[in-house]
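Below, each chain spelled out in residue letters.
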Amino acid sequence: LDRSFFLQYDRSRTTDPALPESDAKSSISANYAWTRRRFDDITFPRRGHGLAVEMGAGVTLSQERLPYLRAKARWLGYWPVATESTRPSRIALRLEGGAVWARSDAPVPATQRFLAGGDQSVRGYGPREIGIPLSSGGVDPGRLLTVASLEWQRPVWIDGKRSPWEAALFIDAGAVGDTAKDLDPKVGIGAGVRYRSPVGPLQLDLAYGLD
């Protein structure tokens with residue numbers, strides 16, 4: 001169980017080729033983070049779950065000084081499958097969500113809003129590639145985030161013995177928007193391998209974004 005309190009200053013500058021000037025925004029916020037892990041093994045979990053929650057209250061410092069609230073949660077769970085079998089597997093489920101509550105015109109910095117995509121988010125898309133589309137072709141962070149991932153993991157057996165390798169199949173989905181009706185999920189599917197190395201778990205995934 002981990003808890004932490006912290007103050008955070010954010011300043012972000014967004015450059016859009018379609019606009020004559022860059023857009024700079026800043027804020028200061030007070031935050032509380034809480035994490036609880038209940039796994040059978042912290043390094044190589046086979047069952048259990050963990051939850052991380054972060055909550056903050058801040059005020060914008062650029063343009064108008066307006067208050068905002070921010071929350072983010074991430075949950076991960078493991079379930080053994082076919083435990084009666086000599087070669088059991090497991091299911092891993094990951095859920096993530098975030099929200100920023102503020103006046104519609106509040107200049108909340110981009111670093112306090114959300115983007116998705118990447119190996120710890122929606123695989124098959126580049127890091128922080130999923131956001132609100134811009135006319136210039138890029139994406140802008142949003143005030144709402146939803147991510148879900150389902151993965152099947154199975155140990156690899158060699159000569160009748162369990163090896164440190166595992167195979168995995170997965171499907172990820174995530175969306176970013178400023179309102180709930182704007183959330184348009186992007187889906188990625190793929191396969192990968194896991195290796196229980198002496199220094200910790202290593203993984204290699206090959207994913208394809210369906211969008």
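This one's a predicted model, so the numbers in the text were calculated from it and none came from an experiment. (Residues numbered from 1 in each chain as written. Predicted model: local features only at pLDDT ≥ 70, side-chain atom pairs only at ≥ 80, totals over all residues. Heavy atoms only, no water.)

(A) The arrangement of the overall build of the protein in detail. Within the protein, the regular secondary structure consists of 0 helices and 11 strands. When the helices and strands of the protein are read in sequence order from the N terminus, they spell out β-β-β-β-β-β-β-β-β-β-β. In the protein, 56% of the contacts between residues at least 6 apart in sequence involve partners at least 24 apart. Carbon and sulfur atoms provide 57% of the accessible area of the protein, an area that totals close to 12,400 Å². Each charge class in the protein was averaged separately, 28 positive and 24 negative side chains, and the resulting centres sit 7 Å apart. (Helix = DSSP H or I, 4+ residues; strand = E, 2+ residues; numbered from the N terminus. Contact = heavy atoms within 4.5 Å. Areas by Shrake-Rupley, 256 points an atom, 1.4 Å probe, with all protein chains shown as cover. Lys, Arg positive; Asp, Glu negative; His and termini not counted. Charge placed at Lys NZ, Arg CZ, Asp CG, Glu CD.)

(B) Inspection of a nonpolar patch on the surface at higher detail. A surface patch of nonpolar side chains, amounting to about 470 Å² of accessible area, comprises Leu150, Ile171, Ile189, Tyr208 and Leu210. Mapped onto the elements of the fold, leucine 210 is located in the segment after strand E11 (200-209). Judged by relative accessible area, which is 48%, leucine 210 ranks as partly exposed. (Patch = residues over 30% accessible without salt bridge, like charges linked within 9 Å, V, L, I, M, F, W, Y side chains within 5 Å. Salt bridge = Lys/Arg side-chain N within 4 Å of Asp/Glu carboxyl O. Buried < 20%, exposed > 50% of the residue type's maximum accessible area, 1.4 Å probe, protein only.)

(C) Spatial organisation of the layout of surface pockets. Of the volumes computed, that of the largest pocket is approximately 730 Å³. Along the wall of the largest pocket there are 32 residues; nearest its centre are Pro45, Leu76, Tyr78, Gln153 and Gln203. Broken down by secondary-structure element, the contributors of at least two residues to the lining of the largest pocket are strand E2 (23-39), strand E3 (48-60), strand E4 (67-81), strand E5 (89-102), strand E8 (144-158), strand E9 (161-177), strand E10 (186-197) and E11. (1 Å grid on protein atoms, 1.4 Å probe; cavity = no way out; pocket = protein on both sides within 12 Å on 5 of 7 lines; lining within 4 Å. Points joined across faces, edges and corners; volume = space filled by probe spheres on them.)

(D) Structural detail: the pattern of salt bridges. Counting across every chain of the model gives 16 salt bridges. Across the pair glutamate 54 and arginine 70 runs a salt bridge, and its minimum N-O distance is 3.4 Å. Of this pair, glutamate 54 sits in strand E3 while arginine 70 is found in strand E4, placing the two residues 16 residues apart along the sequence. Put simply, lysine 186 and aspartate 184 hold a salt bridge, and the shortest N to O gap is 3.4 Å. The class for aspartate 184 is partly exposed, based on a relative accessible area of 46%.

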